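# Architecture at a glance
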Amino acid sequence: MSNDPTLETLREGRIVSLESLQPGESGIVEIVEAGSFENGLSVRLRALGLSSTHQVSMVRRAWFGGPLVVRAGKATEIAIRRTEAELVKVRKIQD
Amino acid sequence: MSHCSPADANLDRNDVPRIAMIGQPNTGKSMLYNRITGASAYVGNWPGITVSLSNARVNLGGRTLEFVDLPGIYDLEGFSEDETVVANFLKTYPVDLVVIVINASQIDRQILMPLQIKQLGLPAVVMLNMADEARKNAIEIDTETLSARVGLPVHLISAKYGEGYPDAIASVDKVLSARADTPPIYADYDALRETLMTEETLAETLSGAVFYPEIPPQTIAQKLDRFLLHPVFGLPLFFAVMLLVFYIVWAIGLPSQGWVGAITDWIQNRILEPVLGLGPAWLQNFVINGIWLGVATVASFVPLIMLFFFCMAAVEDLGYLSRAAYLMDTWMRRIGLDGRSFVMQMMGFGCNVPALMGTRVMRSQPLRLLSMLIIPFSLCSARLAVFVFIIAAVFPPAQGPLVLFSFYVISFAAAFLAAAIFSRSKQFKNTEPFVLELPPYRVPTLRQVWLRGYGELREFLRRATNFIIIGTIAVWFLTNFPTNATGLDTWGGQLGELLQPVMAPIGINPYLTLALIFGFIAKEVVIGSLSTIYAMSAGLVAHQIGLTVSPAAAYSFCLFCLLYTPCLTTVATVKAESRSWGFMIFP
Ligand SMILES: Nc1nc2c(ncn2[C@@H]2O[C@H](COP(=O)(O)OP(=O)(O)O)[C@@H](O)[C@H]2O)c(=O)[nH]1
Ligand SMILES: [Mg+2]
C-alpha cells in the first residue's frame, strides 16, 4: 500500500476534493467518485465538461452550506452542491 | 411559465423527409427550429425547456420537409426521461437527416454529440450556434478543418441574429438532395455502445481546428454575478426584482382593464342588446348574463396577463432563473427538493400543467414526485386574474401590488410546508445529484418576448374559452332557476347557503362560495361566474364586491381559492405524469 502513487500524492496534499478549493484556485480532475449516485453523477458531469484530465476552477461559494459555482473547461459555469463536489477529486494546480 | 399542455407531436406519417433537431439543453435548438419553421416553440434561457416533441412542416427549396424539435439531452447514452424520449424517437422513427445544434463556445465538450451521431449511422449537419457569443469569447473555429475531421458539414451560425443561416440551410438542402432516393435511417444504438469515446478522441478532433484564447476575456456574466449571486444580498435582490415585476404589472396592467371594459361594454350596448332585443327576454338574459358577461370579464385580463409574461419572459431569457435555482438550493435542499423545483414552481406561474411536465428532467422519481406535489400550489395566471380582480375591488390601490405579492409568498410558503412534511417520509428520499449549468446572461430580443407573451395569452384564452362558457352557463342556470326566485332563493343561492356553516367563519359569503365551487373546473371560471352570479358587468361587480366584502374576507377568499384545489387539468396532468391515482388525491 505504501508505494501506491495515488496515496503518495494524497499524503503530499496535492489531490484534493473539488469542494475544498477556494475561489480563484483551480485543478485538474483526476476522478469522479460514484458516491450514492452510481454513475449518474459522473455521466452528467462528463457531459458538462467536468471529467478526468479537464481543468476546473472554483468561482464562488454560497454561504450557509449552499452550492458552489465552478468553471469547467473553457466556457461552462456549473452550480454544484458541496456533497457532490466532495466526490470530484482534483489535482490542485499550484501557482 | 409556459404553454399549457403542449401537444405531443403527431408523427405517424413519414411521407416527406424528416429532419430531427438534436443537441444539449439551452444550445438554441428551439430558436433555430423557430427560424426555420416560423413556428413559436418555447425558447428560454433555462436547460430543460423543451420536454416534449414538437414538429412542423415547411417548404424549403421546393421540397416539403418535416422538422422535429427534440428535447435537449446531455448524452445520447443517458438515462433520464428526456434522454430516453430521444433514444426511443431515434430508434422508432427513421430520419432523413439530423441537425446537431452545438453552443460554439462550448465546442470543447459538445463535440461529443456529432461523434456519437456518426456512430449511430445517421446523416447529419452540424450547426455551431451562437457565433456571436463565440466571437465575444475570442474563440476561433476553422469550420473546414473541423468538417473534414468529423466527416460532416459544419456551419457557424447565429440562430438569434441570422448570421450564417442561409449557407447552413443551403447545406441541409444539399445533403437532402444527395440522398433523395435513399430511405430514411433508424439509429443503430448497438454500434454506439460498442465504441468507446475517450477524451483523446475529442481532443484530436478539435486540435488545429478550434482555438481558445490563452486568457479568456472577462464576461459580463462574471461582473453581474458578483452582485446577483452575492452570498447575502443575492436572494433579497431576486425577490426585489420580482416585486418590481408586480409593480409594473399593477401600474400599467390595471388601467388597461378599463379600456378593454369600455370596448366590451360598447359591444354589449350597441350590438348585443339591440340584436337580442328582437328575441325573447329569456334568450337575452341567457346570452348576456350567461355567456357574454363571463367572456367579457376574462377578456379584460388579456393585457394584464400579457404584460406579466412579457416581464417574466425577459427575466427568464436573461438567464436569471438558473441563478435563482442556485440561490434557492441552499434552502430547498433542507426540505428534500433542489433549486430546480423552485424554478419549476416559477414556471407554474403561467400554468401548472407544463411545469408539471417540466419535472421530466429530474431523474430521481422521489424528487420528481415531491416537486409535482408542490407545483399545484403555484399561483397560475388563472388565479392571478381572480386575485387581481378581487384585490383591485377591495383594497386601496397603493396596497394592491403588495397584497398580490403576499399571495405569491404564501403560495411558496404553503408549497415548502407541504414539501417539508412529505420529505420526512422515506418514499420521497431524494437521490439525485444537484448539478446545474449557469448559462451566460443573454439580452432578450423583442421578438422573443413578444412571442412568449403572445403564446401565454393564447393558451390563457384557449383554456378560458373552453371552460368559461361551460362554467358560466352552469352558473347561470343555477342562479336563474327556479324561474321566479331571486338571489339566495335560487338553487345556486341555496347551494351557497348550504355551505355557509363552513364558509361563514372564514368570511366567505354564499355568492363567493358558489364561484369557488365552479373554480374546481378552472380558476378562470371564478371571475366569469361572479359576473353571472351578480348579473352585472365586471366593473359593476367589482364595485359591488368593494361595498359588500371586507378586506379580511377578500383576503380569505383569495387564500381559499389559492389552496383549496388545483384545476381539473392540473389534477389530470399530475395523474398522467406520476402514473398513479393514489398520488393524485394526495394534495
Ligand atoms: N447570443 C445568442 N443567443 C442565442 C442564440 N440562439 C439561441 N440563443 C439563446 O439561447 C437560449 C436558449 O435557446 P433555446 O432555443 O430555448 O435552446 P434549446 O434549449 O436548445 O431549445 C435562449 O435564451 C436564446 O435566446 C444565438 O445564436 N446567439
Ligand atoms: Mg428547446
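Residues numbered from 1 in each chain as written. Chains lettered and ligands numbered in written order. Predicted model: local features only at pLDDT ≥ 70, side-chain atom pairs only at ≥ 80, totals over all residues. Heavy atoms only, no water.

## Overview of the overall build of chain B
Counting secondary structure elements, chain B contains 28 helices and 9 strands. A compact globule built from 587 residues would reach a C-alpha radius of gyration of about 25 Å, and chain B, at 27 Å, matches this within 12%. Taken along the three principal axes of its C-alpha coordinates, chain B extends 85 × 55 × 45 Å. Out of the 587 residues in chain B, the part that is buried amounts to 59%. (Helix = DSSP H or I, 4+ residues; strand = E, 2+ residues; numbered from the N terminus. Rg over C-alpha atoms; globule rule 2.2 N^0.38 Å. Buried < 20%, exposed > 50% of the residue type's maximum accessible area, 1.4 Å probe, protein only.)

## A word on the overall build of chain A
Along its length, chain A carries 3 helices and 6 strands. Helices and strands appear in chain A in the N-to-C order α-β-β-α-β-β-β-α-β. Among the 95 residues that make up chain A, the fraction classed as buried is 48%. Long-range pairs, those at least 24 residues apart, make up 62% of the contacts in chain A with a sequence separation of at least 6. (Contact = heavy atoms within 4.5 Å.)

## So, the site of ligand 1
Residues and elements named next belong to chain B. Around ligand 1, the structure places 20 residues, and the nearest of them are Asn-26, Lys-29, Ser-30, Met-31 and Asp-132. Within the side chain of Ser-158, an N or O atom sits 3.0 Å from an oxygen atom of ligand 1. For ligand 1, the accessible surface in isolation is 580 Å², of which the surrounding protein chains cover 98%. Of all the elements in the fold, those that place two or more residues in the shell around ligand 1 are helix H1 (29-37) and helix H5 (131-136). Sorting elements by how many residues they give to the shell around ligand 1 places H1 first, with 3 residues. Classifying every residue of the shell around ligand 1 by side-chain character gives 4 nonpolar, 10 polar and 6 charged. (Near = heavy atom within 4 Å. Polar contact = N/O pair within 3.5 Å; in protein donor to acceptor, adjacent residues only side chain to side chain. Areas by Shrake-Rupley, 256 points an atom, 1.4 Å probe, with all protein chains shown as cover. Nonpolar A, V, L, I, M, F, W, Y, C, P; charged D, E, K, R; others polar.)

## Some thoughts on the sheet that holds strand S5 (residues 76-80) of chain A
Read from one edge to the other, the open sheet built from 7 strands follows the order S1(A)-S6(A)-S2(A)-S3(A)-S4(A)-S5(A)-S9(B), with strand pairing classed as antiparallel. Of all strands in the sheet, those bounded by a partner on one side alone are strand S1 (15-17) of chain A together with strand S9 (435-438) of chain B. For this sheet the average axis-to-axis angle between neighbouring strands, irrespective of direction, equals 40°. Bridge count for strand S2 (residues 26-32) of chain A against strand S3 (residues 55-61) of chain A is 3 bridges, and the pairing is antiparallel. Bridging from a neighbouring strand, A:Ser26 pairs with A:Ser57 of S3(A). Sheet strands in contact with helix H10 (residues 220-228) of chain B are S3, strand S4 (68-72) and S5 of chain A, and its direction is about 35° off that of S3(A). (Pairing = 2+ DSSP bridges. Axes fitted to C-alpha atoms, helices over the stretch in contact; angles between N-to-C directions.)

## Some thoughts on the nonpolar core
All names here are of chain B. Core analysis: the biggest nonpolar cluster contains 107 residues, and Phe-308, Phe-387, Phe-389, Ile-390 and Ile-545 have the highest contact counts within it. Residues contacting Ile-545, with those up to four places away along its chain left out, are Phe-389, Ile-390, Ala-393, Val-394, Leu-530 and Tyr-534. One finds Val-95, Val-98, Leu-128 and Leu-192 within the second-largest nonpolar core, a separate group that totals 43 residues. (Core = buried A, V, L, I, M, F, W, Y, C linked by side-chain atoms within 4.5 Å.)

## Quick word on the sheet that holds strand S3 (residues 63-69) of chain B
Residue and element names in this part refer to chain B. Ordered in space as S2-S3-S1-S4-S5-S7, the 6 strands form an open sheet in which the pairing is mixed. With partners counted over all chains shown, the strands left at the sheet margins are strand S2 (54-60) and strand S7 (154-156), one partner each. For this sheet the average axis-to-axis angle between neighbouring strands, irrespective of direction, equals 25°. Relative to S3, strand S1 (residues 18-23) is paired through 4 bridges, and the arrangement is parallel. Residue pairing in the sheet places Ile-19 in a bridge with Phe-67 of S3. Its contacts with the sheet place helix H4 (residues 112-120) against S1, strand S4 (97-103) and strand S5 (124-129), and it is angled at close to 165° to S4.

## A word on the pattern of salt bridges
Applying the stated criterion to the full structure yields 18 salt bridges over all chains. Put simply, A:Arg46 and B:Asp75 hold a salt bridge, and the shortest N to O gap is 3.0 Å. Here B:Asp75 lies in the loop between S3 and helix H2 (81-92) and A:Arg46 lies in helix H2 (residues 40-47), a pairing that spans two chains. On the accessibility criterion, A:Arg46 (29% relative accessible area) is partly exposed. For the salt bridge of B:Glu163 with B:Arg135, the shortest nitrogen-to-oxygen distance reads 3.0 Å. Remark: B:Arg135 occurs in helix H5 and B:Glu163 occurs in the loop between S7 and helix H7 (165-178); sequence separation between them is 28 residues. Looking at B:Glu163, the relative accessible area reads 31%, which means it is partly exposed. Residue B:Arg135 is classed as exposed on the basis of its relative accessible area, which comes to 53%. (Salt bridge = Lys/Arg side-chain N within 4 Å of Asp/Glu carboxyl O.)

## Thoughts on the confidence of the model for chain B
Residue and element names in this part refer to chain B. Averaged over chain B, the pLDDT score is 82; the fraction of residues at 70 or greater is 91%. Contacts from residues 1-13, a stretch scored under 50 in pLDDT, to residues over four places away or in other chains number 51 contacts. Among the scores for the predicted complex, ipTM is 0.86 and pTM is 0.83. (pLDDT = per-residue confidence, 0-100.)

## Section: the interface of chain B and chain A
Many analyses report the size of an interface as the accessible area lost when the parts associate. Listed per partner, the contact involves 39 residues of chain B and 35 residues of chain A. Each partner contributes to the roughly 3200 Å² buried at the junction of chain B and chain A, and carbon and sulfur atoms together form 55% of this total. Applying the counting criterion to the chain B and chain A interface returns 3 salt bridges. Between chain B and chain A we count 18 residue pairs in polar contact (both at pLDDT 80 or more) in total. The residue makeup of the side of chain B that touches chain A, split by class, is 15 nonpolar, 9 polar and 15 charged. (Buried area = accessible area lost by both parts, 1.4 Å probe.)

## Here's the deal with unusual backbone geometry
Positive phi, close to 55°, is recorded for A:Phe64, a residue that is not glycine. Considering the arrangement of structural elements, one finds A:Phe64 in the loop between S3 and S4. A positive phi angle, near 65°, is found at B:Asn26, a position not held by glycine. Given a relative accessible area of 16%, B:Asn26 falls into the buried group.

## Some thoughts on the packing of helix H11 (residues 234-276) of chain B against helix H12 (residues 281-299) of chain B
Residues and elements named next belong to chain B. Packing of H11 against H12 brings their axes to within 11 Å, and their N-to-C directions diverge by 165°. Our classification of the angle between H11 and H12 gives roughly antiparallel. The handedness of the crossing between H11 and H12 is right-handed. Along the contact surface, H11 presents Val-260, Thr-264, Ile-267, Gln-268, Leu-272, Glu-273 and Leu-276, while H12 presents Leu-283, Gln-284, Val-287, Ile-288, Trp-292, Leu-293, Ala-296 and Ala-299. Taken together, the residues that form the contact of H11 with H12 break down as 11 nonpolar, 3 polar and 1 charged. (Parallel < 35°, antiparallel > 145°, perpendicular 65-115°, else oblique. Left-handed = near helix turned anticlockwise from the far one by under 90°.)

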